[in-house]
Every structure is written in C-alpha cells, then in structure tokens.
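Residues per chain are reported as follows:
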Amino acid sequence: MSEMQKFDIQLFYARVIDRAAKLGFLLLLLTFSIYMGGILTPYVPLEDLPQYWSRPASLYLEANRIQTGWGWVAELHHGDMLNFFPIAILAGVTIFGYLCLVCKLLRNREVILGMIVIFQVMVLILAASGILRTGGH
Amino acid sequence: MGKRPGNPLLASKAIILTGGLMLCLVGLTETAWGAAGAAAATAPGGATPWWVWALVLLGFSFLVGILSLLGGMGGGTLFVSIIGGFLPFHLDFVRCASLLVALCGALSAGPGLLRFGMGDLRLSLPAALMTSSGAILGAMIGLRLPTHIVQVALGFTLLGVVVLLLRARRAEYPEVKEPDALSALLGIHGIYLDRATEEEVSWKVHRTPVALLLFLLIGIMAGVFGIGAGWANVTVLNLIMGAPIKVAVGTSKLIICLTNTSAAWIYLHSGAVLLVIVVPSIIGMMLGSWAGVNILVRIAPIRLRYIVIALLLFAGIRSLLKGLGIWN
C-alpha cells in the first residue's frame, strides 16, 4: 500500500471521529441545559446530590435504586438520565470510527491491521455491553 | 535516561509560583467549604448547595486545563490528583469524570493530529488494543479496591511520574537502525513534515513486542486510577520504540481515545457518573485548554514544566497521606 493510500485511511478516520465527537459535545451541552433548566424532572434531585458525592458510587446507586448497565435507557424521560445519551455517544465515537475503518482496511487488503481493528472493536463492545461491571466496594 | 541539567533560579521561581497556586487551591477549597457550611445552616435539612461545588469544580478544572496544556500533559493525571485531593468528591466519581475529560480532550485533538501526520494511526492500532484491554481490567480492579488503597497507590504513582519527568530525557529524533519484525509486518513507519524546521522526517520503530507488553500495564494503571496516562504512552513510544517525540505525543492522544473509551464504559455501567461533576469538568478543562494556548505563546515552557512537576509532587504527597489517613 502506498504512503498516499495510508494517509487517505488516516484522514478518513480523522473525519469520522471529528464529526461524531462534535455531535456528542453539542448534544451534551443541550441535554445538560435541559437538566439544569429543570425542563425535565431529574431522577435524583440536584439538591440531594451533595449527600452522596463524598461516598462510594455503590452507596449512591443503592440509596436511589439506580439500575447499573443500560438501565438508564428506560429513564430517558428524566433530565439527568437524558445526559447519559450524549455521554454514550462520546464513549461510542471510537467504536463507530473503528467499524468504519475496518471496512476501509479490508477493502485495501490490509488483513492483519484489519484483524487488529476487529479485535479492538470486540474489546470495546465487550466494555460497552454492560456485561463487565462492578457494584463497587 | 539521563540527568537534565538543573537551573536553581528557575527551580526557585517555579517553587514560589507553585506555592502560590497551592495556596489558591487550598483557599478556594476553604472558601467553598465556608460557603457550603453557611448555606447548610440556613437551608432546610442542612443541604449543601450543589451549585457552589459545581462552580468551584469549574474553576479548578479551568486551572487544571491551563496547567495540563502548558505542562504538556493530557490532563487526566493532574485532574485526578488535584480534584480528588482537594475537593470533597469520592474518588469513584472523580476517576469517571477524569476518564471522560481526558477522552473529550483526546477526541478534540485527535483529528487535527491525524491530519498533520503527527499522530500515526498504524502505530496506535496495536498499542491501543493492549491499553484498552488492560483498561477494562484496571477499571474493574480500581472500582473494587478500597478507596484508601487507591489513594496510596495513586500517591506512589504520582511520585513516580515526578521522577520520570525529572530524569527522562526525551529524544527529538531517536535513532532506529532496523525496524523489528512485527513493526515491519504491520507496516509501522512514516514520514511527517516538521513545521518547526520545514523538514520531512522519516521514522520507523523497534522493540514493538516489549512495548506492547508495557502498553498492557499502562492500560491497567489507566483503568485503576481513571487517567489517560499520556506521559507513560509518550515515554514508551519515544524511549522504547524510538518514535520521534512529536509522533509519540500525537499518537499517544489516539491511544488515549481507546484506553479511556474502554475504562469509561466500565465506570459508566458501574454507576460512577455524576453529571454535576462530569459536565463542569469537561467545560472547565476545555476553556482552560483554550486559555492555555494564549498563555503558552507568552511564557517559557521550561518554567511550566517545573510548576507541573511541583504540583504533581504536592498532589502525590497529599494523596499518599490521605490514603494513609494522616491528612484528610
């Protein structure tokens, strides 16, 4: 593969993550404004947060009966939980970027690098799946 | 590795500046504690006003954003050590916020670095696979460990970073005679235009298998402490693999994108996200980075290096003593 082709793949990946990250940032600012503005009722009132933030996350979850993993998806009508959507987009930018990249690499017959990217996507999907989580100490 | 010649005058100025910064940190915290206490006395149920802490956090993050940019660090390490050391938030929430802050910073910088050829995608792919796998393991360990153990380990790590920053002499263009078999197989080499010298720099790497093992360890450490560990990535890429310093710094950002994505998902699914900590931190760090760029053009980088080192030393001692229950 020529240097030019290699650079093209790099530029392609740069474009993908740039657009996806900007979308995530904008949505985060929007949903945080909705949360702060009180447009949607939060799941945990803002005034109650200081009594939890000095303690381990597990106590916060237990006291407010918050579901871990993807449980927040069912609570998107709450102002605070809505913010998890853009956060998930930001944490998913590289997964999306790598999925686009794998097609490009395989099309250019970059089999070994393509395999590394496939393994990487599998690792990221495993992390994002919610299978691996801990209730804290 | 070798000793960098010291400059006593610069060092003393740096100590004075850092002392001032530390006093600001302590002062800000005390003011916030005072305001929180006063409000608690009047508010029904004695609730601490969340917005006071959100504003203090925004200010701290702004400061960390400036310092990390001027000190040439990603920001995660400084964020965890300063926010975790001086503000009342639990380390679970601070580590998660730090991962997301460093992720956002890396995602902002990544595309530009790729376009200028300063970050190399091929070099980042195997390294990121190792760090992201390690980060999952690290995050699971970090969330299970008792907080005081993490504090003590973080303290030692920060002191280790101080030693590394003081002693490591990074090479602008390391000499790599022959690429190793693995890097040759993966086609890891490149050319970039150094805009400072207007010269095209051709580079290749060696010792890839050893470096990949080190990246796995870096990933575990990043997951445990909720940091991007850019300083560790740069050290391995530059000193072990022999990548030019600019390529190492740029590629480190690409690696952080993957490391922090993995670890962030584990923290996210474990419920360690508090939005009033995460969002002001991201905004503060980004504003601080923009402000830092303006300061960078007016100030000598060597002084800032000493300030960051002194801050890390202070935060490391603080974390160690906090973990040991001596200074809470």
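Values in this document were obtained by computation on a predicted structure and should not be read as measured data.

Is there a simple way to explain the pairing of strand β2 (residues 199-204) of chain B in this structure?
The side chains of a regular strand alternate between the sheet's two faces. All names here are of chain B. Relative to β2, strand β1 (residues 189-194) is paired through six bridges, and the arrangement is antiparallel. From the neighbouring strand, L193 faces β2, where its bridge partner is E200. Connecting β1 to the next strand, β2, in antiparallel fashion are four residues, including E198 with a positive phi near 60°.

In this structure, what is going on with helix α10 (residues 245-269) of chain B? I would like to understand it.
Residues spaced three or four apart along an α-helix point in a common direction, a consequence of the helix completing one turn every 3.6 residues. Residue and element names in this part refer to chain B. Compared with an ideal rise of 1.5 Å per residue, which puts 25 residues at 36 Å, α10 spans 36 Å between its outermost C-alpha atoms and is within 8% of the ideal. Counting buried positions over the 25 residues of α10 gives 24, a clear majority of the element. Among the residues trailing α10, G271 stands out with phi positive, at a value near 80°.

Explain the interface of chain B and chain A to me, please; I cannot follow it from the model alone.
One frequently used descriptor of interface size is the decrease in accessible area upon assembly of the parts. Contacts between the two partners involve 54 residues from chain B and, on the opposite side, 49 residues from chain A. Of all the secondary structure elements, the ones that give two or more residues to the side of chain B that touches chain A are α2 (50-70), α4 (91-115), α5 (121-144), α7 (181-186), α10 and α11 (275-296) of chain B. No other element matches the 12 residues that α5(B) contributes to the side of chain B that touches chain A. Tallied by class, residues from the side of chain B that touches chain A come to 38 nonpolar, 12 polar and four charged.

Help me understand the packing of helix α4 (residues 84-107) of chain A against α4(B), please; the structure alone is not making it clear to me.
The geometry of a pair of packed helices is captured by two quantities: the angle between their axes and the separation between those axes. At a closest axis distance of 11 Å, the pairing of α4(A) and α4(B) adopts a crossing angle of 55°. Taken together, the axes of α4(A) and α4(B) are oblique relative to one another. For α4(A) against α4(B), the interelement crossing comes out left-handed. Side by side, α4(A) and α4(B) meet where A:I87, A:L90 and A:V93 of the first sit next to B:L100, B:L103, B:C104 and B:L107 of the second. Classifying every residue of the contact of α4(A) with α4(B) by side-chain character gives seven nonpolar, no polar and no charged.

Conventions adopted
Residues numbered from 1 in each chain as written. Chains lettered and ligands numbered in written order. Predicted model: local features only at pLDDT ≥ 70, side-chain atom pairs only at ≥ 80, totals over all residues. Pairing = 2+ DSSP bridges. Helix = DSSP H or I, 4+ residues; strand = E, 2+ residues; numbered from the N terminus. Expected span 1.5 Å × (residues − 1). Buried ≥ 20, exposed ≤ 12 C-beta atoms within 10 Å, placed from the backbone. Contact = placed C-beta atoms within 7 Å. Nonpolar A, V, L, I, M, F, W, Y, C, P; charged D, E, K, R; others polar. Axes fitted to C-alpha atoms, helices over the stretch in contact; angles between N-to-C directions. Parallel < 35°, antiparallel > 145°, perpendicular 65-115°, else oblique. Left-handed = near helix turned anticlockwise from the far one by under 90°.

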